[in-house]
Amino acid sequence: MSALEASLSRLLETPGVTGAALVDAVTGLTYCAVGDPSAVGDGVDTAELAALVTDRVGPAGTGGELESLVVTSARRYHVVRTVRRAGDPLLLVAALDRDRTNLALALRQLNGHAEGMLA
Amino acid sequence: MHAHSSATSSAPLVDVLASLRERVMGVSESVLSTADGLLVAADTDTAQPEAIAALAAATLGLGARMAQQADAGSLRDVVIRCGGGQIVVLSVGDRALLSILGDEGVDVAALQRESPAIVEELLALLAADVPS
Amino acid sequence: MTADGPDPRSADTEGDRSGRSGSPRNVPALLLGLRQERFSGTVRLFGAPGGTIHLRAGLIHAIETPGTPSVESALLKSGRVDDESWAAGLSAVRDTDGLGAALVARGSVGAAELEVVCAGTVFEGAFALAVGGPGEWETGDPAPTVLSRYGVEPQSVAEETTRRLALVSRLWGSPAELARARALPAGRPDVPAERLPHRYLGLLALANGRRTSRDLAFASGRGLFGVMVDLIRMNGLGLVQWEGRAPAGRPSTAPRVVGDGRVPAPAPSPVPTAHLPRRVPGGRRAGHTPDGARPSGGPEPTAPQAGL
């Protein structure tokens, strides 16, 4: 297992996480995906959504860099967390079952994972 | 940035220098200078043309002496390679020098392919300098 | 590299595996064949630009080309690894196949980070080669370079490259033209700098009307496709424009002026049009226009204009 896969797989230990992926925020390329791929969705679409928010919605508010996005649907949370690094930003994407997830807790753990993602 | 040449208009020379950027991927700037370190024409952005001109003469001079010491035949060019780019200095005829500045991705094959033609074009323009 | 039919010539694979050569359009088919053979070595492409594809057991571990920064360039330019560490890493290994691992062992770069950079660079290299257009190729023995630890399937690379080429064509025009186009800031005083992502600011600082998209990639240590995507987005926001194209991104119909080194004053920017693919309920991507190549020119606000 690659270092990246090992790092990403730790996310699956968070209660409720059904799938996770690391996606290039600029190109939408999926570098790694673990768990249920259909839950996590397409990397290109995720990157486009993040760019749309950054470019169009961000300037209307405080602007600057996007930190995270949460998309809530009937049974699922879809969380996108920007990973800042020297180089183009990445998106840490996680799909969570609403039933099994405390969103605030999951977000905190996700933030923690994002920090140490690329070590 | 255009350099001023005292006697002749440098615009055609600059055009040839600028065309180098179109013909060779990765070339960013170039300077045409005399063998004794004077600026003739330049297509530059951030580099100092006069400084490049002076250094080119010194570089080729040292290169020629090294070639002589190594008994390696006549000098063709000097290539200076750095982490962030490279510089090639070569002769244009026997009185002028061409310094080509590029980033670290310069298309070396294309440069080798295009240099002779560029040198020819520059020589043809410089020949007009010589009073008939 | 678009998917193409199998090349009959790649069928004669017995005997010496290196030293084959052939015609351009069949590079993707060549790579698929080499994958089946589990070929280890190089495929050198000649063209403008050309490049080298490094294979191990038929998987792509690195692509080097003048068209986009290498792994070394990306790591050094971004400051992730400094010159000293790089040199130290080089001296610690007998051949550069192990350079990546050496850098990780020294703590110069994280293992996961290096995987990301290497993978990203493979795709960027393939894109740059595809943009460069056709040329001859030949296979050769393994050559030294920084290899990613995990190779990428040629099929994946071909599919993603096709997608990228199509995206640029749809949003802007010819990818080869965009690679050579020289962007410059278009001046949007109503978007304060602190509201822009860092990488946009980075490109704005470097875009001077002289550097091409490819040059901007090298100057910033970023990939060619990533830079193109950002430039297209920034153009949509009125932040950059290209000489010879109307500010909205259409090719200009004004007569072309022979370059004399001077940059013409930018034309006043209209309301930015929608260049970004828009999400449409049902999932398919919007953005197709009748001519298929570029979005139509009328103003189409897609978001609150406050702040833009």
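Within every chain, residues take consecutive numbers counted from 1 along the sequence as written. Written order determines the labels here, with chains lettered from A and ligands numbered from 1. With the structure being a predicted model, the display of local features is reserved for residues of pLDDT at least 70 and the display and counting of side-chain atom pairs for 80 or more, all residues being used for whole-chain, interface and lining totals. Computation of side-chain values covers all heavy atoms of the structure but excludes hydrogens and water.

### Observations regarding the sheet that holds strand E3 (residues 68-72) of chain A
Residues and elements named next belong to chain A. Heads up, the condition is: Strands are labelled as partners when DSSP assigns at least two bridges between them. Segments assigned H or I by DSSP are reported as helices when at least four residues long, segments assigned E as strands when at least two residues long, and all are numbered from the N terminus. Lines fitted to C-alpha atoms define the axes here, with helix axes fitted over just the stretch in contact, and angles between the N-to-C directions of these axes take values from 0 to 180 degrees.
As summarised here, the arrangement of the five strands in space is E2-E1-E5-E4-E3, forming an open sheet in which the pairing is antiparallel. Whereas interior strands pair on both sides, the edge strands pair on one side only; in this sheet they are strand E2 (30-35) and E3. Pairwise comparison of adjacent strand axes, ignoring direction, gives a mean angle of 10° for this sheet.

### Overview of the pattern of salt bridges
Residues and elements named next belong to chain B. Spelled out, the test is: Salt-bridge detection follows one rule: a side-chain nitrogen of Lys or Arg within 4 Å of a carboxyl oxygen of Asp or Glu. Relative accessibility thresholds used throughout: buried, under 20% of the residue-type maximum; exposed, over 50%; partly exposed, between the two (1.4 Å probe, protein chains only).
Taken as a whole, this structure holds 20 salt bridges over all chains when the rule is applied. Aspartate 43 serves as the salt-bridge partner of arginine 21, at 2.7 Å between the closest nitrogen and oxygen. Here the residue arginine 21 occupies a position in helix H1 (residues 11-23), and aspartate 43 occupies one in strand E2 (residues 39-43), the gap between them amounting to 22 residues. Its relative accessible area of 5% is what places aspartate 43 among the buried residues.

### A short note on the pairing of strand E3 (residues 77-82) of chain B
Residue and element names in this part refer to chain B. As paired elements, E3 and strand E4 (residues 85-92) share six bridges and run antiparallel to each other. Its bridge partner lying in E4, cysteine 82 is registered against glycine 85. Two successive antiparallel strands, E3 and E4, enclose a turn made up of two residues.

### A look at the interface of chain B and chain C
Interfaces are often sized by the amount of accessible area the parts lose when they come together. For clarity, the threshold we go by: In this description, contact between two residues means that some pair of their heavy atoms is separated by no more than 4.5 Å. For any pair of parts, buried area is found by adding up, for both, the accessible area (1.4 Å probe) each one loses once the two are put together. Pairs of N or O atoms within 3.5 Å make up the polar contacts considered here, provided that, within protein, one atom can donate a hydrogen while the other can accept it, and that residues adjacent in sequence are counted only when both atoms are side-chain atoms. In the scheme used here, Gly and all other residues not listed as nonpolar or charged are polar, with Ala, Val, Leu, Ile, Met, Phe, Trp, Tyr, Cys and Pro taken as nonpolar and Asp, Glu, Lys and Arg as charged.
Facing the 17 residues of chain B at the interface are 16 residues of chain C. With both sides pooled, the region where chain B packs onto chain C buries about 1,200 Å², and carbon together with sulfur makes up 39% of that total. Ionic pairing is found between aspartate 103 of chain B and arginine 214 of chain C, a salt bridge with its closest N-O pair at 2.7 Å. Along the contact surface separating chain B from chain C lie nine residue pairs in polar contact (both at pLDDT 80 or more). Counting only elements with at least two residues in the side of chain B that touches chain C, the list comes to H1 and strand E1 (27-34) of chain B. Of the residues contributing to the side of chain B that touches chain C, the split by class is two nonpolar, six polar and nine charged.

### Quick word on the state of the cysteines
How we decide: Put simply, a disulfide is two cysteine sulfurs that come within 2.5 Å.
By the definition in use, this model includes zero disulfides over all chains. With no disulfide of its own, cysteine 118 of chain C has cysteine 32 of chain A as its nearest cysteine by sulfur position, at a separation of 15 Å.

### Some words on a negative patch on the surface
Selection criterion: Exposure above 30% relative accessible area and no salt bridge define the residues that can form patches, which grow by joining like charges within 9 Å and nonpolar side chains of Val, Leu, Ile, Met, Phe, Trp and Tyr within 5 Å. Per-residue accessibility takes into account occlusion by the displayed protein chains alone, with areas from the Shrake-Rupley method and a 1.4 Å probe. Neither His nor the chain ends is counted toward charge; the positive residues are Lys and Arg and the negative residues Asp and Glu. All charge positions are set by atom: Lys at NZ, Arg at CZ, Asp at CG, Glu at CD.
On the surface, a cluster of negative charge is made up of Glu72, Asp82, Asp83 and Glu84 of chain C. Taking the relative accessible area as the measure of exposure, aspartate 82 of chain C reaches 45% and is therefore partly exposed.

### Some thoughts on the nonpolar core
How we decide: Nonpolar core, defined: a set of buried Ala, Val, Leu, Ile, Met, Phe, Trp, Tyr and Cys residues in which side-chain atoms within 4.5 Å join the residues together.
Formed by 42 residues in total, the largest nonpolar core has its most connected members in Leu4, Leu8, Leu22, Leu92 and Leu118 of chain A together with Val43 and Ile53 of chain C. Looking at which element gives the most residues to this core, the answer is helix H5 (residues 111-132) of chain C, with six residues. Non-local contacts of valine 43 of chain C, meaning those with residues more than four positions away in its chain, are made with Leu30, Leu31, Leu34, Gly51, Thr52, Ile53, Leu55, Trp137, Glu138 and Thr139 of chain C.

### Some points on the packing of helix H3 (residues 83-92) of chain C against helix H4 (residues 99-106) of chain C
Residue and element names in this part refer to chain C. This is how it is decided: Small angles under 35 degrees read as roughly parallel and large ones over 145 as roughly antiparallel, with 65 to 115 read as roughly perpendicular and the rest as oblique. A crossing counts as left-handed when the near helix is turned anticlockwise from the far one by less than a right angle, and as right-handed when that turn is clockwise.
Direction vectors running N to C along H3 and H4 enclose 120°, while the axes themselves pass 9 Å from each other. By the angle class used here, H3 and H4 are oblique. Considering only the axes of H3 and H4, their crossing is right-handed. Along its contact with H3, which presents Ser85, Trp86, Ala88, Gly89 and Leu90, the element H4 presents Leu99, Ala102, Leu103 and Arg106. For the contact of H3 with H4, the per-class residue count stands at six nonpolar, two polar and one charged.

### Observations regarding the UniProt feature "domain: Roadblock/LAMTOR2" (unreviewed entry) in chain B
Rule in force here: UniProt positions are given in the numbering used here, feature names are shortened, and annotations may be inferred rather than shown by experiment.
Here, UniProt's "domain: Roadblock/LAMTOR2" (unreviewed entry) annotation points to residues 14-102 of chain B. The span residues 14-102 of chain B carries 35% helix and 38% strand; its end-to-end C-alpha distance comes to 17 Å.

### Observations regarding the environment of isoleucine 63 of chain C
Residue and element names in this part refer to chain C. Locating isoleucine 63 in the fold gives a position in strand E4 (residues 59-64). Sequence separation between isoleucine 63 and proline 175 is 112 residues, and the spatial gap between their C-alpha atoms is 19 Å. With sequence-adjacent residues up to four places away left out, isoleucine 63 is seen in contact with Thr52, Ile53, Thr121, Val122, Gly125, Ala126 and Leu129.

### Examining the side chain of glutamate 37 of chain C
All names here are of chain C. Considering the arrangement of structural elements, one finds glutamate 37 in helix H1 (residues 27-37). Look at glutamate 37 and you get buried, because its relative accessible area is 16%. A distance of 3.3 Å separates the side chain of glutamate 37 from the side chain of arginine 20, its partner in a polar contact.

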